[in-house]
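# Descriptive analysis of the structure
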Amino acid sequence: DAKTTQPPSMDCAEGRAANLPCNHSTISGNEYVYWYRQIHSQGPQYIIHGLKNNETNEMASLIITEDRKSSTLILPHATLRDTAVYYCIVDQTGANNLFFGTGTRLTVIP
Amino acid sequence: GAVVSQHPSRVICKSGTSVKIECRSLDFQATTMFWYRQFPKQSLMLMATSNEGSKATYEQGVEKDKFLINHASLTLSTLTVTSAHPEDSSFYICSARRGTYGYTFGSGTRLTVV
């Protein structure tokens, strides 16, 4: 069962930062927060993941609250190609399942 | 980075026939692979977990005799949709886990049963 809650849709102006929130209030201590995105008719693409510290890579930044009950994915300068459905998933290392919630459909507007 | 190759990307088959979809991990060994199904405008639904050298584990409501999974090697899992019907038309996606790096997904297979 999905353990996360995300807004169904968001818009963002091209060139601006896109901030995508995720609630995971039932997360347990050994569960990571993963973010994936899916562009239409393609397989999901890994973006970033973290346990409790904030993380940054070439694609995005992940901000996890101190109590770990929520997180925010930040795309610092959104482009039209960032239009996709973004999924926030909590996953226990070693567990053999990965359940997707409904995700957030991000539309980047020119 | 970890790459999972899925083939074919699209397939159209007649009702009653069977279709095989392949999922390969190209640069790592995957003892476990996962199969998902996605209907239009819906999220991915986990169908089954494929274990190398043993039987697959199916999620509740997924017919194991209809969706045959074989994971004969550490780099290949196959999903066969047997006696396909139009309601089996969907987007099928496989994935594999690579340690703590998370899951890598195939590009998906669009199955259309006519």
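Residues numbered from 1 in each chain as written. Chains lettered and ligands numbered in written order. Predicted model: local features only at pLDDT ≥ 70, side-chain atom pairs only at ≥ 80, totals over all residues. Heavy atoms only, no water.

## Some points on the nonpolar core
Residues W35, F67, L79, Y92 and L111 of chain B are the most contacted members of the largest nonpolar core, which totals 24 residues. Broken down by secondary-structure element, the contributors of at least two residues to this core are β2 (10–13), β3 (19–25), β4 (32–38), β5 (45–51), β7 (67–73), β8 (76–81), β9 (90–97) and β11 (109–113) of chain B. Those residues within four positions of L111 of chain B in sequence are excluded, and the remaining contacts are V11, C13, V19, V81, D88, S89, S90 and Y92 of chain B. If you look at the next biggest cluster of nonpolar residues, it comprises 21 residues, including C12, W35, A84 and C88 of chain A. (Core = buried A, V, L, I, M, F, W, Y, C linked by side-chain atoms within 4.5 Å. Buried < 20%, exposed > 50% of the residue type's maximum accessible area, 1.4 Å probe, protein only. Helix = DSSP H or I, 4+ residues; strand = E, 2+ residues; numbered from the N terminus. Contact = heavy atoms within 4.5 Å.)

## A closer look at the pattern of salt bridges
All names here are of chain A. The full count for this structure, using the stated rule, is five salt bridges over all chains. With a shortest N-O distance of 2.7 Å, E31 and K3 are connected by a salt bridge. In this pair, E31 sits in strand β3 (residues 31–38) while K3 sits in the segment before β1 (9–13), placing the two residues 28 residues apart along the sequence. Residue classification places E31 among the buried positions, given a relative accessible area of 3%. (Salt bridge = Lys/Arg side-chain N within 4 Å of Asp/Glu carboxyl O.)

## Concerning the side chain of S71 of chain A
Residues and elements named next belong to chain A. Mapped onto the fold, S71 is located in strand β7 (residues 70–75). On the accessibility criterion, S71 (2% relative accessible area) is buried. At 2.9 Å, the side chain of S71 forms a polar contact with the side chain of H24. When neighbours within four sequence positions are excluded, S71 is seen to be in contact with L20, P21, C22, H24, V33, W35, L62, I63, I64 and C88. (Polar contact = N/O pair within 3.5 Å; in protein donor to acceptor, adjacent residues only side chain to side chain.)

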